[in-house]
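# Coordinate inspection notes
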Amino acid sequence: MQSAWRVIDCTNLDGQLKYARGRLVVRKFDSGEENQVTDLPLADIAILLIGLRCNCSAGLLHQCAENGVCVMVCDWRGVPIAAMHSWATTHTRITSRQRAQVAMTIPRQKNAWGRIVKNKIFGQAACLDLLGIEGGNSLRGLGESVRSGDLGNVEGRAAREYWKRMFPGENGFKRLPGSGEGRNAQLDYGYMVLRGFATKAVISAGLNPSLGVNHHSGANYFCLVDDLIEVFRPTVDVKVARLSPAQQVADRDVKHYLVESVNRQFNGSGFTIPSVLNDFAQQYGMYAEGKIDKLQVPQFEEE
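Attention here is on the structure that accompanies the text. (Residues numbered from 1 in each chain as written. Predicted model: local features only at pLDDT ≥ 70, side-chain atom pairs only at ≥ 80, totals over all residues. Heavy atoms only, no water.)

This brings us to the pairing of strand E3 (residues 23-28). When strand E2 (residues 15-20) meets E3, the two strands line up antiparallel, connected through 6 bridges. Of the residues in E3, the one forming a bridge with Ala20 is Arg23. The loop that links E2 with its antiparallel partner E3 comprises 2 residues; one of these, Arg21, has a positive phi angle of about 55°. (Pairing = 2+ DSSP bridges. Helix = DSSP H or I, 4+ residues; strand = E, 2+ residues; numbered from the N terminus.)

Laid out in structure tokens, this is it:
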């Protein structure tokens, strides 16, 4: 299991990133001074986010690959549009594992997706409970009705109930990914950090991220990532709900809070969310290979 856990956000940096003696070094163009990022070893970094005004040396990118750091290139909104992942740190049985993904039967895929959707809805119900909002039992009833493949789109029905209750007092809230405003911007940033850890987990497990369980968009290289993170989204939602809708993601303190919302313990188990994601990706790999009969899906229950 990888020990790297830090997320370094350089999306607003007007400067240069480079590598020096095992450390990430930042040079800001306006000051002309070199400052070590909290004297941080590269081996501790899980995700590096870089923006449009940030220059990276080829040497740094090489060292990121050597250390298994996921480098994500972001647009003007801070939303990742591309990523670099190491081939050197992937599972040693990558070929057989990815062939097993390709050969997985449709019923087996549907069974996995049904379990993911069910636990996602249970996690949303727990989120409402933790926030003291009514509707948790209603969502649990919907979750119990999920069947293999979720052919009845219970996930969509649950989402409508969930989001209309999630932010009481904020009339007319609609979940609009990529809108760049208010709650949506807060959720997008938290999910972005979560997706970075999930991408790292999937790649490290030797899985092909484009071979999804339910997501199959030809324009999305990370279909499997977007499948596996579904059950972890409520862990971000419950933390976003405790922010003021007026707080801006551009604020450093807000970004730090959202990063920590992903880096915290999962269900008080002693294991962090990224660590549980790593285990879940490995579980899915074994499920694809037929080594286990049922996919064990994590379920968010408590903070």
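This part covers the sheet that holds strand E8 (residues 80-84). In spatial order, the strands read E1-E5-E7-E8; together these 4 strands make up an open sheet with mixed pairing. Looking at the sheet topology across the chains shown, the edges are occupied by strand E1 (6-10) and E8. Neighbour to neighbour, the strand axes of the sheet diverge by 20° on average, direction disregarded. Here strand E7 (residues 70-74) runs beside E8; their pairing, made up of 4 bridges, is antiparallel. Residue pairing in the sheet places Val71 in a bridge with Met84 of E8. (Axes fitted to C-alpha atoms, helices over the stretch in contact; angles between N-to-C directions.)

Among the 5 residues of E7, 4 are classified as buried, and the element is accordingly described as predominantly covered. Direction of pairing for strand E5 (residues 45-50) relative to E7: parallel, over a ladder of 4 bridges. Residue pairing across strands places Leu49 opposite Met72, the latter belonging to E7. (Buried < 20%, exposed > 50% of the residue type's maximum accessible area, 1.4 Å probe, protein only.)

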